[in-house]
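# Observations on the three-dimensional arrangement
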Amino acid sequence: MKSPVTPLGEFALIGRFFKEASEAMLAAQPHSVALGIGDDCALLRVSPIDELAITSDMLVEGRHFFVDANPEWLGYKALAVNLSDLAAMGAKPLGFTLALALPEADANWLQSFSKGLFAAAQAFECPLVGGDTTAGPLNICITAFGNVPKGLAIKRSGAQVEDDIWVSGTVGDARLTLAALRHELDLNPQDLEAIQHRMHQPSPRIALGLALRGVAHAALDISDGLLGDLKHLLEGSQKDAEVYLDRLPKSPTLLKQAIHFQNQFAASGGDDYELCFTAPQRLRSKIEEIGRTLQLPLTQIGRIKPMQSERAVLTVLSADGMPIDESQTALLLQSFDHFA
Ligand SMILES: Nc1ncnc2c1ncn2[C@@H]1O[C@H](COP(=O)(O)OP(=O)(O)O)[C@@H](O)[C@H]1O
Ligand SMILES: Cc1ncc(C[n+]2csc(CCOP(=O)(O)OP(=O)(O)O)c2C)c(N)n1
Ligand SMILES: [Mg+2]
């Protein structure tokens, strides 16, 4: 008999069936795990000076990309989303493995896929070192490895009260591209052309992650949606936060859209692969200097606050500093969940 269906979200599922058992095992025996399940990368103690950062992300047809997606873009994105997790920890890429299920051995498709994959590998100096290939529904899974000097990894758990909250680049364009491709709104061809790389070929912020070692208290990459992902950082750090909705950094193309699309896509659209990080206010000019050096806008969007209850709370403020209403907040916090 089938067990009754209980709603189980992506993170509850990971917690109940994988994280708990993993933590029990780690608590019971000596091990070389410096950081287990729950952050952008796991950290293994591999030498007295360095830790090894490891992350896996999978791209599944119909879920992460449309059937007939451009294989060159797919190859690029498959590696880029993994490198983004290394960036979030301040890890330097070392190499990656590729596990690939293919419906057929199509040489033209594979040629393009390989071209995109190696374009990302070259750009971020991260060589392919192994993998596995089977027949099956198209599924691309990469595991990336990076290194970080012991103690310098930037975790989700390090945010301190009164830290500034920062976001790199702009957010919302990948979701705007998806909306245009799904005909949820009209976007003229020039505007689509200007932003579609944000969905298809995201830029992992490796250089930023390295520059933030010893500067940021906490960080993560934005894959599911800025505010929902920030909530994970708050849970990891056991802190509350306030964020100003009108400070979320948007591209000129997103700024041309109706305000409700702007807010929804920037706050919860996902697929951004920017970094969200916290840092003490006294380092503000240092962070601005990092942004100038990397030619990457870094925007301060809010502030970390002490936790007021047993659950981390993210309050979204309008321009006048007043909290926006609860139902709108809930919508803006509703980030991507594979099982919601
Ligand atoms: N099947 C699994 N087994 C063990 N750990 C998992 C599994 N799926 C996800 N995780 C871990 O759960 C955490 C949350 O996953 P996810 O949100 O996918 O992370 P990310 O956004 O960094 O890819 C991560 O630390 C990830 O490594
Ligand atoms: C066809 C298609 N539908 C929807 C999306 C949007 N989308 C799919 S998965 C996802 C969230 C990120 O993926 P996930 O596997 O959760 O990445 P992780 O958080 O593990 O890094 C988003 C925004 C897309 N890119 N393509
Ligand atoms: Mg993942």
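Rules used in this analysis
Residues numbered from 1 in each chain as written. Chains lettered and ligands numbered in written order. Predicted model: local features only at pLDDT ≥ 70, side-chain atom pairs only at ≥ 80, totals over all residues. Heavy atoms only, no water. Near = heavy atom within 4 Å. Polar contact = N/O pair within 3.5 Å; in protein donor to acceptor, adjacent residues only side chain to side chain. Areas by Shrake-Rupley, 256 points an atom, 1.4 Å probe, with all protein chains shown as cover. Nonpolar A, V, L, I, M, F, W, Y, C, P; charged D, E, K, R; others polar. Domains from an automatic or database assignment. Contact = heavy atoms within 4.5 Å. Buried area = accessible area lost by both parts, 1.4 Å probe. Salt bridge = Lys/Arg side-chain N within 4 Å of Asp/Glu carboxyl O. UniProt positions renumbered as here; feature names shortened; annotations may be inferred. Helix = DSSP H or I, 4+ residues; strand = E, 2+ residues; numbered from the N terminus. Buried < 20%, exposed > 50% of the residue type's maximum accessible area, 1.4 Å probe, protein only. Pairing = 2+ DSSP bridges. Axes fitted to C-alpha atoms, helices over the stretch in contact; angles between N-to-C directions.

Turning our attention to the site of ligand 1. Lining the immediate surroundings of ligand 1 are Phe11, Ile14, Phe18, Ile37, Gly38, Asp39, Asp40, Asp57, Asp85, Arg156 and Ser223. Residue Gly38 places a main-chain N or O atom 2.8 Å away from an oxygen atom belonging to ligand 1. One of the side-chain nitrogen or oxygen atoms of Asp57 is found 3.2 Å away from an oxygen atom of ligand 1. Notes on ligand 1: free accessible area 560 Å², of which the protein chains cover 66%.

As a further point, take the site of ligand 2. Inspection of the region around ligand 2 gives 17 residues, with Asp57, His64, Ser223, Asp271 and His338 positioned closest. In this structure, His64 approaches ligand 2 through a side-chain N or O atom, which is 2.8 Å from an oxygen atom. In the complex, 89% of the free accessible area of ligand 2, which totals 590 Å², lies under the protein chains. Taken together, the residues of the shell around ligand 2 break down into six nonpolar, five polar and six charged. Counting the residues that make up the shell around ligand 2, at least three belong to each of domain 1 (31–149) and domain 2 (156–332).

So, about the domain arrangement of the protein. Taken domain by domain, the protein holds domain 1 (31–149) and domain 2 (156–332). Relative placement of domain 1 and domain 2: their C-alpha centres are 23 Å apart. Contact residues are listed per partner, giving 23 residues for domain 1 and 21 residues for domain 2. Interface area lost by domain 1 to domain 2 is led by Phe66, Trp73 and Lys77, which between them contribute 29%. If you look at where domain 1 meets domain 2, you find three salt bridges. Between Arg156 and Asp40 there is a salt bridge, and its shortest N-O distance comes to 3.0 Å.

Here, the residues flagged by UniProt with the feature "binding site: Mg(2+) 2" (unreviewed entry) are Asp57 and Asp85. In terms of the greatest pairwise C-alpha distance, the residues named above, spread along 29 residues, form a tight cluster of at most 9.0 Å across. Mapped onto the elements of the fold, Asp57 is located in strand β3 (residues 50–60). For Asp57, the contacting residues outside a window of four places in its chain are Val81, Asn82, Asp85, Ile140, Cys141 and Ile142. Here Asp85 lies in helix α2 (residues 71–89). Here Asp85 falls in the buried class, since its relative accessible area comes to 8%. Ignoring any residue separated from it by four or fewer positions in sequence, one finds Asp85 in contact with Asp40, Cys41, Thr55, Asp57 and Asp221.

As paired strands, strand β9 (residues 240–244) and strand β11 (residues 298–305) are joined by four bridges and run antiparallel to one another. Of the residues in β11, the one forming a bridge with Val243 is Gly302. When β9 meets strand β12 (residues 314–317), the two strands line up parallel, connected through four bridges. Note that in β12 the partner of Tyr244 across the bridge is Leu317.

Taking strand neighbours across the sheet as the criterion, the six strands line up as β1-β2-β3-β6-β4-β5 in an open arrangement whose pairing is mixed. Two strands bound the open sheet, and with one partner strand each, they are β1 (33–35) and β5 (128–135). Pairs of neighbouring strands in the sheet enclose a mean axial angle of 20 degrees, with direction left out of account. Across eleven bridges, the pairing between β3 and strand β6 (residues 139–149) is antiparallel. Bridge assignment links Met58 to a residue of β6, and that residue is Cys141. The strands touched by helix α3 (residues 107–123) within the sheet are β4 (92–102), β5 and β6, with β4 carrying the most contacts at an inclination of about 165 degrees.

Scanning the model with the defined rule gives 14 salt bridges in all. Of the charged contacts in the structure, one is a salt bridge between Glu23 and Lys19, with a shortest N-O distance of 3.2 Å. Of this pair, Glu23 and Lys19 are both found in helix α1 (residues 10–28), four residues apart, which corresponds to roughly one turn of the helix. For Lys19, a relative accessible area of 28% translates into the label partly exposed. Through salt bridges with shared partners, a single ionic network connects Glu162, Asp164, Arg284, Arg303 and Lys305.

For the rest of this paragraph, the subject is the pairing of β6. Pairing analysis gives nine bridges linking β4 to β6, with the strands arranged antiparallel. Across the sheet, the residue bridging to Lys92 is Asn147, located in β6.

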